[in-house]
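Breakdown of the fold
What follows is each chain in one-letter form.
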Amino acid sequence: MRLIACLSAAVLLPSFALTQSVVLDADAKPMGATSRTTIVRSGSSLYNLSIKNDGTLRLLTSADAGATWKDTGFVFNDKNSGIGSGVLTNYCCLAVDSRGWLHASWRRATYPSFYSQYYRNVDPKTFTQGSNIIDVQTNIAKQSATVRSVAMGLAIDSKGYVWMLATGSSWMAQLLRSDQPLAPGATPGFSSVGNLSGSGTASQNPFVVIDSNDIVHCMFHYASGTRTIGHNAYDPTTKKWSGVTRFGTPANNNAMAATDRLGNLHTLYGIGSGPYTLEYRRWDATAGWGKPVQVTSFTTTQLGGSNSQWIFTIGVHAVNGTAYAIYRDFANGGALVVDAKSLQDASFHHVTDIAPSTTAKNIYYVPNVRGSLQPFPTNSLLCDLDVVYLDRSGTKTRVVFEGLDLCSTSTYGTACKGTSGTPALSFGQLPRIGKPFSIDLTGARATTATLFFLGGSMTSWGAIPLPFDLKILGAPGCSLYSSLDATFGLATDAQGAASVKFSLPNQPTLLNSTVFTQYLIVDPGANKSNLVMTEGGQFTIRM
């Protein structure tokens, strides 16, 4: 097979070429330092909201999962709400409801004397139906433009109510709810349910998400006394707040959060002022907050030339609760990476690099990820991890999109037990054209020979049907799951581990190709054949 031959030639190559990310806008306006959701899916199309240099909100769409994008031509704001002159639009966020309508909120803010916020919704099928532009700061939050806050965020619950963060008082945020589901009409009404942090405290850089029970969770920087992360949850049924929980001391930034359909809230936040630590915590209604899990830690020296240490966001698989931390890995050179942690895992493991290592200033800035519980499954994070970030490292600000297929690798079948336990096959990185990839072996006998093979079939190897039971060869419980179209010999280390590393060729003809794989381990005493097998693995090469 040409594909297997191509992959065989790619094994253990010393270098690799990175593919180009998709640039949505090559000359955008820089946004503030806090990540907010700007990318959603409506129907079968992706939409992303960015800001042009004159303050215009630019709505782009993709009908091919992010491979190509076009400008819709629709503009949410106008000259009275951030375009052209004066204080221009410099923050924005986007949400989607069960009809597929888009809801946008944006801000014009400049320290110390002007802060204003707006809201609008629209049907992206025609762009002829939707609300007027609503002045949130003046007409809903009831605050003057001199009251300082950059509170802004949107979330939509299972009943269609739109929840919005807005200015509560100076450097405080309040939570608003639409008076009717879906915020209908030309001038939809919103009502406040209270400040996030109570009275007399500061709730800065807030973020809002809704869990599977429609509890509205607000994460924020609790900037009073010893600075911490703050959490407060509002129950629309009882109309009560949970009360503020504080953690992450000392915290000098915001927290990002996401929810799953199992009732969990997942959050990611940074603590310290050098060394720096990125931590994860999970909450559920029964157990409350779990213990913190360290994602990464790095020093001021490792931060290098970057002027922003807190570059991160979080996404969560809506069904199985796997958390995906997207962050700048300063501990290992500054790449933008994805790490994952299932509900059963004790720690995070590396999934893939999104963009290469660098300590340049303002690169991989304010990443945000698509994914919300509602509408399910249209905008939920399942297989597709859609990430947007800003690159401000040059003379212009670029808006960059990366789409990852989280379901492009899987295992099948059952491994058989050896003298050191049951060996396991797993995948390092995601199989993406032009990027590094590895297939790993763990739990095998130490310092022994192993055979790794690639195949084009999981149903047959020549005339032999697969899976093939190896009991006939003296290895009961072991099976061959992949055809042997290419094989590689190697040895396990002192821990019983081995890895085959690829540099996937930058060849578009490989796109969407599926390959099968397995490890055979020499294990004297395990059975009559002295051989054991891992489960089978399969991977599909994506962009």
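**Brief notes about the overall build of the protein chain**
Of the regular secondary structure elements, the protein chain holds three helices and 43 strands. A compact globule built from 543 residues would reach a C-alpha radius of gyration of about 24 Å, and the protein chain, at 25 Å, matches this within 12%. Referenced to the eigenvectors of the C-alpha coordinate spread, the extents of the protein chain come out at roughly 80 × 45 × 45 Å. In the structure as shown, the protein chain presents an accessible area of about 20,800 Å², 51% of it carried by carbon and sulfur atoms. A gap of 5 Å separates the mean positions of the 40 positive and 32 negative side-chain charges of the protein chain.

**Considerations on the pattern of salt bridges**
By the definition in use, this model includes 12 salt bridges. A salt bridge links R41 to D384; the nearest nitrogen and oxygen atoms lie 3.3 Å apart. Of this pair, R41 sits in strand β2 (residues 39–42) while D384 sits in strand β29 (residues 384–391), placing them 343 residues apart in sequence. Judged by its relative accessible area of 16%, R41 is buried. On the basis of relative accessible area, D384 is assigned to the partly exposed category, the value being 32%. Between R398 and D391 there is a salt bridge; the shortest N-O distance is 3.0 Å. Using a relative accessible area of 30% as the deciding quantity, one classes R398 as partly exposed. The class for D391 is buried, based on a relative accessible area of 8%. By sharing partners, the salt bridges in this structure join R41, R370, D384 and D386 into a single network.

**Considering the sheet that holds strand β11 (residues 162–169)**
What the four strands build is an open sheet, ordered β10-β11-β12-β13; its pairing is antiparallel. Each edge of the open sheet is held by one strand with a lone partner, namely β10 (153–156) and β13 (190–195). The average angle at which neighbouring strand axes cross in this sheet is 35°, direction not considered. The pairing of β10 with β11 spans four bridges and is classified as antiparallel.

**Observations concerning the pairing of strand β24 (residues 312–316)**
In terms of burial, β24 is largely enclosed, as five of its five residues are buried. Burial along β24 is two-sided: the residues F312, I314 and V316 and T313 and G315 are all buried. Sheet topology places β24 next to strand β25 (residues 323–329); five bridges connect them, and they run antiparallel. Residue pairing in the sheet places I314 in a bridge with A325 of β25. Joining the antiparallel neighbours β24 and β25 is a turn of six residues, in which G321 adopts a positive phi near 80°.

**Some points on the state of the cysteines**
Across all of its chains, the model carries two disulfides by this definition. The disulfide partner of C383 is C407, and the S-S distance across this bridge is 1.8 Å. Here C383 and C407 share a disulfide; its torsion about the S-S bond, -90°, makes the bridge left-handed. Residue C383 is found in the loop between β28 (365–369) and β29, and its partner C407 is found in the loop between β30 (397–405) and β31 (409–412); the two are separated by 24 residues along the sequence. Judged by its relative accessible area of 29%, C383 falls in the partly exposed class. When its relative accessible area of 42% is taken as the criterion, C407 is described as partly exposed. Disulfide pairing is shown between C416 and C478; the S-S distance is 2.0 Å. Measuring the twist about the S-S bond at about 100°, one finds the C416-C478 disulfide to be right-handed. You can see C416 sitting in the loop between β31 and β32 (424–428) and its partner C478 sitting in the loop between β37 (468–469) and β38 (479–480), a full 62 residues away along the chain. On the basis of relative accessible area, C416 is assigned to the buried category, the value being 5%. Residue classification places C478 among the buried residues on the basis of a relative accessible area of 1%.

**Digging into the environment of D329**
Relative to the elements of secondary structure, D329 occurs in strand β25. With 14 residues separating them in the primary sequence, D329 and G315 have C-alpha atoms 17 Å apart. With sequence-adjacent residues up to four places away left out, D329 is seen in contact with T296, G334, A335 and V337.

**Quick notes on the sheet that holds β32**
Across the sheet, three strands lie side by side as β32-β33-β40; this open sheet has antiparallel pairing. For this open sheet the edge positions go to β32 and β40 (498–503), each flanked by a neighbour on one side alone. The mean angle between the axes of side-by-side strands here comes to 15°, regardless of whether they run parallel or antiparallel. The sheet contact formed by β32 and strand β33 (residues 436–442) spans five bridges and is antiparallel. Bridge pairing in β33 links S426 to D440.

Cut-offs and rules
- Residues numbered from 1 in each chain as written.
- Predicted model: local features only at pLDDT ≥ 70, side-chain atom pairs only at ≥ 80, totals over all residues.
- Heavy atoms only, no water.
- Helix = DSSP H or I, 4+ residues; strand = E, 2+ residues; numbered from the N terminus.
- Rg over C-alpha atoms; globule rule 2.2 N^0.38 Å.
- Areas by Shrake-Rupley, 256 points an atom, 1.4 Å probe, with all protein chains shown as cover.
- Lys, Arg positive; Asp, Glu negative; His and termini not counted.
- Charge placed at Lys NZ, Arg CZ, Asp CG, Glu CD.
- Salt bridge = Lys/Arg side-chain N within 4 Å of Asp/Glu carboxyl O.
- Buried < 20%, exposed > 50% of the residue type's maximum accessible area, 1.4 Å probe, protein only.
- Pairing = 2+ DSSP bridges.
- Axes fitted to C-alpha atoms, helices over the stretch in contact; angles between N-to-C directions.
- Disulfide = S-S within 2.5 Å.
- Contact = heavy atoms within 4.5 Å.

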